[in-house]
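Overview (structure and organization)
The lines below spell out each chain.
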Amino acid sequence: MSVVIKAEGLSKKFGTLTAVDNVSFEIEAGEIFGFLGPNGSGKSTVIRMLCGLLQPSAGGAELVGFDVVKQSEEIKKRIGYMSQRFSLYEDLTVEENIDFYGAIYGLARPDMAARRRTVVDLAGLEGRMEQLAATLSGGYKQRLALACALLHDPKIVFLDEPTAGIDPVARREIWDLLFRLAAEGTTLFVTTHYMDEAERCSRVAYIYLAKLLALGRPQDLKRLPEITPDGSQWFAITSDDATQLLPELRRHPSVVDATIFGEAVHALVRHGTAAAALEDYFRTQGDASVRCRAVPPSLEDVFVALTRIHRGPMKGR
Amino acid sequence: MMFRGLWAILKKENIHIKRDPATRFIFAIPVIELLIFGYAIDTDVKNVPTVVFDLDRGAESRQLVQEFANTRYFMLLGEVHSDQDLQSAIVSGRAKVGIKIPPDYSADLINGRQGQVQVIIDGSDSTIALQVLNSSQQLGFLKSLAIEGISPAQFKIDVRPRLLFNPNLESANFFVPGLIGIILQLVTVFLTAFSIVRERERGTLEQLLVTPVSKGGLIIGKLLPYTAIGFGQTILVLLLMVFLFGVPINGSVALLLLLSAVFLVPALGMGIVISTFARNQSEAMQVSIMFMLPSILLSGFIFPRESMPLPIHLISFLIPATYYIEILRGIILRGAGIVALWDEALALAGFGIFFMVLSALRFKKHLG
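Residues numbered from 1 in each chain as written. Chains lettered and ligands numbered in written order. Predicted model: local features only at pLDDT ≥ 70, side-chain atom pairs only at ≥ 80, totals over all residues.

What follows is about the overall build of chain B. When helices and strands are tallied, chain B shows 14 helices and four strands. Along the first, second and third principal axes, the C-alpha atoms of chain B reach 95 × 45 × 40 Å. The 368 residues of chain B split such that 38% are buried. For chain B, restricting intrachain contacts to residue pairs at least 6 apart in sequence, the fraction spanning at least 24 positions comes to 79%. (Helix = DSSP H or I, 4+ residues; strand = E, 2+ residues; numbered from the N terminus. Buried ≥ 20, exposed ≤ 12 C-beta atoms within 10 Å, placed from the backbone. Contact = placed C-beta atoms within 7 Å.)

Looking only at helices and strands, one finds 11 helices and 14 strands in chain A. Its C-alpha atoms give chain A principal-axis dimensions of roughly 75 × 45 × 35 Å. Counting the 317 residues in chain A, one finds 43% classified as buried. Of all intrachain contacts in chain A linking residues separated by at least 6 positions in sequence, the fraction that spans at least 24 positions is 69%.

All right, on to the domain arrangement of chain B then. Assigned domains within chain B: domain 1 (6-41 + 170-362) and domain 2 (48-154). If you average the C-alpha positions of domain 1 of chain B and of domain 2 of chain B, the two centres end up 48 Å apart. (Domains from an automatic or database assignment.)

Many descriptions give the size of an interface as the accessible area lost when the pieces come together. Taken together, the contact pairs 21 residues of chain B with 24 residues of chain A. Going through the elements one at a time, α1 (6-19) and α8 (204-209) of chain B are the ones with two or more residues in the side of chain B that touches chain A. Here the side of chain B that touches chain A takes six residues from α1(B), the largest share from any one element. Of the residues assigned to the side of chain B that touches chain A, the class counts are eight nonpolar, eight polar and five charged. (Nonpolar A, V, L, I, M, F, W, Y, C, P; charged D, E, K, R; others polar.)

This part is about the nonpolar core. Core analysis: the biggest nonpolar cluster contains 142 residues, and A:Leu50, A:Leu63, A:Leu144, A:Ala147, A:Phe158 and A:Phe189 have the highest contact counts within it. Top element by residues in this core is helix α7 (residues 171-202) of chain B. It accounts for 17 residues. When neighbours within four sequence positions are excluded, A:Phe189 is seen to be in contact with A:Ile5, A:Ile27, A:Phe33, A:Phe35, A:Ile47, A:Ile156, A:Phe158 and A:Leu159. Ranked by size, the runner-up nonpolar core spans 20 residues in total, among them B:Ala95, B:Val97, B:Ile99 and B:Leu109. (Core = buried A, V, L, I, M, F, W, Y, C linked by C-beta atoms within 7 Å.)

Residues and elements named next belong to chain A. Along its sequence, chain A is organised into domain 1 (3-221) and domain 2 (229-311). Here the C-alpha centroids of domain 1 and domain 2 sit 37 Å apart. Opposite the 10 residues of domain 1 that make contact, domain 2 presents eight residues. Of all the secondary-structure elements, those providing two or more residues to the side of domain 1 that touches domain 2 are α7 (195-200), β9 (203-208), β10 (211-216) and α8 (218-221). Counting residues per element, the side of domain 1 that touches domain 2 draws most heavily on α7, at three residues.

On to the packing of α7(B) against helix α10 (residues 253-277) of chain B. All names here are of chain B. Running from N to C, α7 and α10 cross one another at 35 degrees; their axes reach a closest spacing of 8 Å. Between α7 and α10 lies a crossing of right-handed hand. When α7 is examined against α10, the residues Leu 184, Gln 185, Thr 188, Val 189, Thr 192, Ala 193, Ile 196 and Val 197 are found in contact with a partner set consisting of Ser 260, Phe 263, Leu 264, Ala 267, Leu 268, Met 270, Gly 271, Ile 272, Ile 274 and Ser 275. Residue composition of the contact of α7 with α10, by class: 12 nonpolar, six polar and no charged. (Axes fitted to C-alpha atoms, helices over the stretch in contact; angles between N-to-C directions. Left-handed = near helix turned anticlockwise from the far one by under 90°.)

Once that is clear, we can look at unusual backbone geometry. All names here are of chain A. Positive phi, normally seen in glycine, also occurs at Asp 153, with a value near 55 degrees. Assessed through the 15 C-beta atoms surrounding it within 10 Å, Asp 153 is described here as partly exposed. Phi is positive for Ala 210, which is not a glycine, with a value near 75 degrees.

Here we come to the sheet that holds strand β11 (residues 233-238) of chain A. All names here are of chain A. Across the sheet, four strands lie side by side as β12-β13-β11-β14; this open sheet has antiparallel pairing. Here the strands that pair on one side only, and so sit at the sheet edges, are β12 (255-261) and β14 (291-294). Across the sheet, the mean angle from the axis of one strand to that of its neighbour is 25 degrees, orientation sign disregarded. For β11 and β14, the ladder comprises four bridges, and the chain directions are antiparallel. Bridge pairing in β14 links Thr 238 to Arg 291. Packing of helix α10 (residues 275-284) onto the sheet brings it into contact with β11 and β14, and relative to β14 it is tilted by some 165 degrees. (Pairing = 2+ DSSP bridges.)

Looking along a regular strand, one sees the side chains alternate between the two faces of the sheet. All names here are of chain A. Relative to strand β4 (residues 58-63), strand β1 (residues 3-14) is paired through five bridges, and the arrangement is antiparallel. Across the sheet, residue Lys 6 finds its bridge partner in β4, namely Glu 62. Sheet analysis places β4 next to strand β5 (residues 66-67), joined by two bridges and oriented antiparallel. Bridging from a neighbouring strand, Leu 63 pairs with Phe 66 of β5. Turn length for the β4-β5 hairpin, with the two strands adjacent in sequence and antiparallel, is two residues, and the turn residue Val 64 shows positive phi of about 35 degrees.

Right, let's get into helix α5 (residues 138-150) of chain A. Residue and element names in this part refer to chain A. With 13 residues, α5 extends 18 Å from end C-alpha to end C-alpha; this agrees with the ideal 18 Å at 1.5 Å per step. Within α5, 10 of the 13 residues are buried, which leaves it mostly tucked inside the rest of the structure. Looking at the buried positions of α5, the neighbouring elements they touch are β6 (79-82), α3 (94-104), α4 (109-123), β7 (156-160) and α6 (168-183). (Expected span 1.5 Å × (residues − 1).)

Time to look at the sheet that holds strand β2 (residues 74-79) of chain B. Residues and elements named next belong to chain B. Pairing in this open sheet of four strands is mixed, and the strands run β2-β1-β3-β4 from one edge to the other. Because the sheet does not close on itself, it has two edges, and the strands there are β2 and β4 (118-121). Sheet twist, expressed as the mean angle between neighbouring strand axes with direction ignored, is 25 degrees. Two strands pair when backbone bridges link them, and strand β1 (residues 48-54) and β2 are joined in this way by five bridges, in the parallel orientation. Bridge pairing in β2 places Val 51 opposite Gly 78. In this fold helix α4 (residues 83-91) packs onto β1, β3 (97-101) and β4, with an angle of close to 165 degrees to the strand it touches most, β3. Running over the sheet, helix α6 (residues 126-147) touches β1, β3 and β4 and is turned about 170 degrees from β4.

This part is about the environment of B:Thr188. Residue and element names in this part refer to chain B. Along the chain, Thr 188 turns up in helix α7. Put simply, Thr 188 and Phe 231 are 43 residues apart on the chain and 9.5 Å apart in space, counted from C-alpha to C-alpha. Setting aside chain neighbours within four positions, we find Thr 188 in contact with Tyr 226, Thr 227, Gly 230, Leu 264, Ala 267, Leu 268 and Gly 271.

All names here are of chain A. The two faces of β6 match: Ile 79 and Tyr 81 on one face and Gly 80 and Met 82 on the other face are all buried. With four bridges joining them, β6 and β7 adopt parallel strand pairing. By the bridge assignment, Met 82 is partnered in β7 with Leu 159.

With that settled, consider helix α2 (residues 28-40) of chain B. Residues and elements named next belong to chain B. With 13 residues, α2 extends 17 Å from end C-alpha to end C-alpha; this agrees with the ideal 18 Å at 1.5 Å per step. Three or more residues of α2 are buried, namely Pro 30, Leu 34, Phe 37 and Gly 38. The buried side chains of α2 occupy one side of the element, clustering within an arc of 95 degrees when seen end-on. For α2, exposure combined with an orientation more than 90 degrees from the buried face picks out Ala 28, Ile 32, Ile 36 and Ala 40. Each element contacted by the buried residues of α2 is listed here: α7 and α9 (215-243). (Arc of directions from axis to C-beta.)

Rendered as structure tokens:
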């Protein structure tokens, strides 16, 4: 596998604000690289620097062997970009948008016809070619944006929250599409807030307050020592009286942290506390329906724990 | 590939223009402006509403009032019968002039004494006041000479003014050529600034900037359609000027269009520069107005530059519209050729280079 994105000490300052602080990573061809972090943590700024939209304040990056500062025009021919908000022309039809981007990328006529068929087919846009982009649903807008970003067969595609605000079915369809692209060798750099999407990435990076806190395969991140320190353990805890469960757990002396995860509460419990001991504790409190079982931490647990550790003592819970 | 993507941008802008509901008004606006400036703004002073307070009521006073009316500058509304009435007629704005003739006016004239007439003028509109002041003094002067038995034919010096280019002193002749310059600048500056800022606001510019489109292709592709619209409007206004207002083009139409094209360069450059300062359309509007106001007020379009105080007169040299309006009036009214307008043409070309360089420096293919 070859490295297609290589960031080294990438930093960006806006005045006194440090939006991205010394971020380094390498991404290989065909990866689906998930880039996660709370809003305002610097995700979009990293993408914009990699795409040549913003100049780094320090450090640098190479994409497919080209320098993001000195050779940004070469990079632009080889990448696709789908920004957070729909940024195609709403007063143009689907077909006109696609043709416009084809012409911008300088696709010659026979190539263009073939590429157009490919992306329209891939994004499932047949039958909507005459429709004005403004009248498309959220999911179809994203498909169109993706089609336009793929038109010139880019080596790398950047997707900034491609599934924000669209329904679950459309979300799944977009991800199916991303898997097909990755299988064909396209490298995907995706930001998301959805943990199920993060789980599907080959590797994920977590950025918080401008700093890269973790980077690795999802299963490796779950085994990070700082997530489950000193022999502590993650439990999934359920109860018929779910409303009382979370505050009760947070009050319990053995519980370091507890968050709701689906129908259960995920709790990080100190070393030496058994599941049965916790169930007994709740029974004495009058809730016999509590069930505990040891589980690996979810990605969300990982990020919540990382955030808590790095937030520092100042704002700690 | 300095103009990579030019054709694609051109085609896209064309679709935007075709589908934009505002396009329907694109040719209505200059026509409306032309009608307003051509008809409504009339600085020719005639028929100033006048009241008379005649205490004399003699044959001489009646004749004097009639002579005032005959000048056509004064329009007699009627008589008032007290100083208060005269005062209130002017304060209320009903009349702009009050002519007060004292009781012994006729008697004084008959007895060879000096007859006195008071002309009270509302000075709040200086153009009207000045005209009324001059014509009432001239009336008194000519009438005095007539009483002495001297007619104008017997004057030792006969001053014969001849008004060139605009013999009837129609204000349309003065305003309409200048208006062409204002409209052309308005359209090109606003439309180009807005077409770029709109893309920034909607995020489509960001999407464009990650493509290999060239800066030249993007800018020229955005400017050309609006240049064409600006030219279309210029021709429309010229046609209306000739056929509706009867202002003939005395000079060369080809030269007029050529120099209009020269003027478009700084105007379009200004639009791009504005677009680089504004993050959204309302900011673009404010900055555009900041650029437009000096062009309207200081370019000589409305107020003669000759009568401006020195510092403002000097500022007017820094406004491209000043030179273009000079060119328009020169060609249309005075039939001037390129030799006479060489300095102005050169100044416009200089501004063109300045604004194009500035816009190329300011317009970056990246954000922030």
